[in-house]
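Coordinates in review
Spelled out from the first residue to the last, the chains are:
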Amino acid sequence: MSLPPVYATREDVMRALDIKLTARNAGQVDRALQSASRGVDGLCHRRFYPETATRSFDWPDSQYRPSWRIWLDDNELISLASITTGGVAIDPSNVVLYPQVGPPYNRVEINLGSSAAWGGGNTHQLDVSMTGLWAGCPLYETQVGALTAAVASTSVTTVAVDGAASALLGVGSVLRIDSERLLVTGRTMTDTGQTVGGAGLTAQANSVTIPVTNGAVFAVDEVLLIDSERMLIVDIAGNQLTVQRAWDGTVLAAHTANTSIYAARTLTVTRGALGTTAATHADAAAVVRWDPPGLIRDLTIAEAMNRVLQEQAGYSRTSKTSSGAKSTAVETLSLESLRTQVYNEHGRKARHRGV
């Protein structure tokens, strides 16, 4: 069983930190992201990632609701595919989802103009079952690129994407290709088919221009590998790539002309994630990224950074008061303010009702 999705990527945290993290810190960052994301869930009393699933509800139960209404509580709904009560199917058109400003929806009501009704099972326990897409926020998705090779099997665990997708994805991203969702768990380098042009690159930080045959196959923010040095593309002008050298803690080095250029375009993924079914996908199929709400992503990055820095300091970081005296722990006001903003915007203010 795979871990739940996180609300930011490994790359988000590594770029946000002032210190230079290397590949050996990846596991540490991933752990921090997982705990930070679950901390956000706990703070807000809801889960934000999308999941296709069947969930069951008692009818009637102790909430003393009207005979036509089911409160979903923290099982907030994006879209409803099917519904049964007492083992009998109800046409989804015979129910109404609320609030009308949703999704997400926090209650389902029988359309009083229909003949449908809840109940009919032998007992009240789990009498009503609903299948749909569940999440504690609206579904935000962005098409980031396309596959560069078909996914011909439901069991393969790697997919190849183009440069645009590579620049906009990271370890922790939630993807959708056709109707299948995938979790990105790793990235490896792929030969781009391009080489270093001109006279090559010197071992100097100001040697930042890489001539290539076709600049259109690259994207700003894409990470390249030339020999053993990683570089970040910061600008593209025609067939000239402007890069930041010695990226990801690698060592600045000289590179001769015609050296192959690799890019992190092969993604290791968990197939059929979040209640979907693994399927085959055609070459050039669209790659769609799920985006958590901005404040949720920001807080996850901030909490993960705080955990990484505290762990590296042996949880002994201290701060100074205005008088110069040391306090016993670091708890920045900006982080606490961000937590308050997230709770005010996205938190469920009661355990048994969406607000």
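Rules of the game
- Residues numbered from 1 in each chain as written.
- Predicted model: local features only at pLDDT ≥ 70, side-chain atom pairs only at ≥ 80, totals over all residues.
- Heavy atoms only, no water.
- Phe/Tyr/Trp six-rings, centres within 6.5 Å; stacked < 30°, edge-to-face > 60°.
- Helix = DSSP H or I, 4+ residues; strand = E, 2+ residues; numbered from the N terminus.
- Buried < 20%, exposed > 50% of the residue type's maximum accessible area, 1.4 Å probe, protein only.
- Lys NZ or Arg CZ within 6 Å of the ring centre and 35° of its normal.
- Pairing = 2+ DSSP bridges.
- Axes fitted to C-alpha atoms, helices over the stretch in contact; angles between N-to-C directions.
- 1 Å grid on protein atoms, 1.4 Å probe; cavity = no way out; pocket = protein on both sides within 12 Å on 5 of 7 lines; lining within 4 Å.
- Points joined across faces, edges and corners; volume = space filled by probe spheres on them.
- Nonpolar A, V, L, I, M, F, W, Y, C, P; charged D, E, K, R; others polar.
- Parallel < 35°, antiparallel > 145°, perpendicular 65-115°, else oblique.
- Left-handed = near helix turned anticlockwise from the far one by under 90°.
- Contact = heavy atoms within 4.5 Å.

Quick look at the packing of aromatic side chains
In this structure the tally under the stated criterion is four aromatic pairs. Ring plane angle 40° and centroid distance 6.3 Å describe the contact between Phe 57 and Trp 134, whose orientation is recorded as tilted. Within this pair, whereas Phe 57 is found in strand 1 (residues 51–57), its partner Trp 134 is found in strand 7 (residues 128–134), the two being separated by 77 residues in sequence. A single burial state applies to Phe 57 and to Trp 134, both of which are buried. Between Trp 59 and Trp 118, the aromatic rings sit 6.3 Å apart at their centres with planes inclined by 55°, giving tilted as the arrangement. One end of the pair, Trp 59, is in the loop between strand 1 and strand 2 (69–71); the other, Trp 118, is in the loop between strand 6 (107–110) and strand 7, with 59 residues separating them in the sequence. Of the two residues examined, Trp 59 and Trp 118, each falls in the buried class. Joined through ring pairs, the aromatic side chains of Tyr 7, Phe 48 and Trp 290 make up one cluster. Over the ring of Tyr 7 we find Arg 38, and its NZ or CZ is 5.5 Å from the ring centre.

Focus on the sheet that holds strand 1
The strand order across the open sheet built from four strands is 1-7-3-4, with neighbouring strands paired in antiparallel fashion. Looking at strand neighbours, the two that pair on one side only are strand 1 and strand 4 (88–90), the edges of this open sheet. The mean inter-strand angle of the sheet, taken between neighbouring strand axes irrespective of direction, is 25°. For strand 1 and strand 7, the ladder comprises seven bridges, and the chain directions are antiparallel. Bridging across to strand 7, Arg 55 finds its partner in Met 130.

Describing the pairing of strand 17 (residues 286–290)
Sheet faces and side chains relate simply in a regular strand, where the side chains alternate between the two faces. For strand 17, the tally of buried residues reaches four of five residues, placing the bulk of the element in the interior. Here five bridges tie strand 8 (residues 141–146) to strand 17, and the two strands are oriented antiparallel to one another. Of the residues in strand 17, the one forming a bridge with Ala 146 is Ala 286. Here strand 10 (residues 174–177) pairs with strand 17 via two bridges, running antiparallel. From the neighbouring strand, Leu 175 faces strand 17, where its bridge partner is Arg 289.

Some thoughts on the sheet that holds strand 2
Note on sheets: strands pair through backbone hydrogen bonds, and any given pair is parallel or antiparallel. What the three strands build is an open sheet, ordered 2-6-5; its pairing is antiparallel. In the strand order of this sheet, the two ends are held by strand 2 and strand 5 (95–98), each with one partner. The mean inter-strand angle of the sheet, taken between neighbouring strand axes irrespective of direction, is 20°. By the bridge criterion, four bridges tie strand 5 to strand 6 in an arrangement that is antiparallel. Residue Val 96 lies in a different strand from strand 6, and its bridge partner there is Glu 109.

Quick notes on empty space enclosed by the protein
Tallied over the entire structure, the rule returns one cavity of 30 Å³ or more. Approximately 60 Å³ is the volume found for the largest cavity. Forming the boundary of the largest cavity are Arg 47, Tyr 49, Glu 51, Arg 55, Asp 74, Asn 75, Glu 76, Trp 134, Ala 135 and Gly 136. Within the lining of the largest cavity, the residues separate by chemical class into three nonpolar, two polar and five charged.

Thoughts on the packing of helix 2 (residues 26–44) against helix 4 (residues 294–312)
With their axes 8 Å apart at the nearest point, helix 2 and helix 4 run at an angle of 130° to one another. Taken together, the axes of helix 2 and helix 4 are oblique relative to one another. With respect to the hand of their crossing, helix 2 and helix 4 are arranged in right-handed fashion. Between helix 2 and helix 4, the residues in contact are Gln 28, Val 29, Arg 31, Ala 32, Leu 33, Ser 35, Ala 36, Ser 37, Val 40, Leu 43 and Cys 44 and Ile 296, Leu 299, Thr 300, Glu 303, Ala 304, Arg 307, Val 308, Glu 311 and Gln 312, respectively. Tallied by class, residues from the contact of helix 2 with helix 4 come to 11 nonpolar, five polar and four charged.

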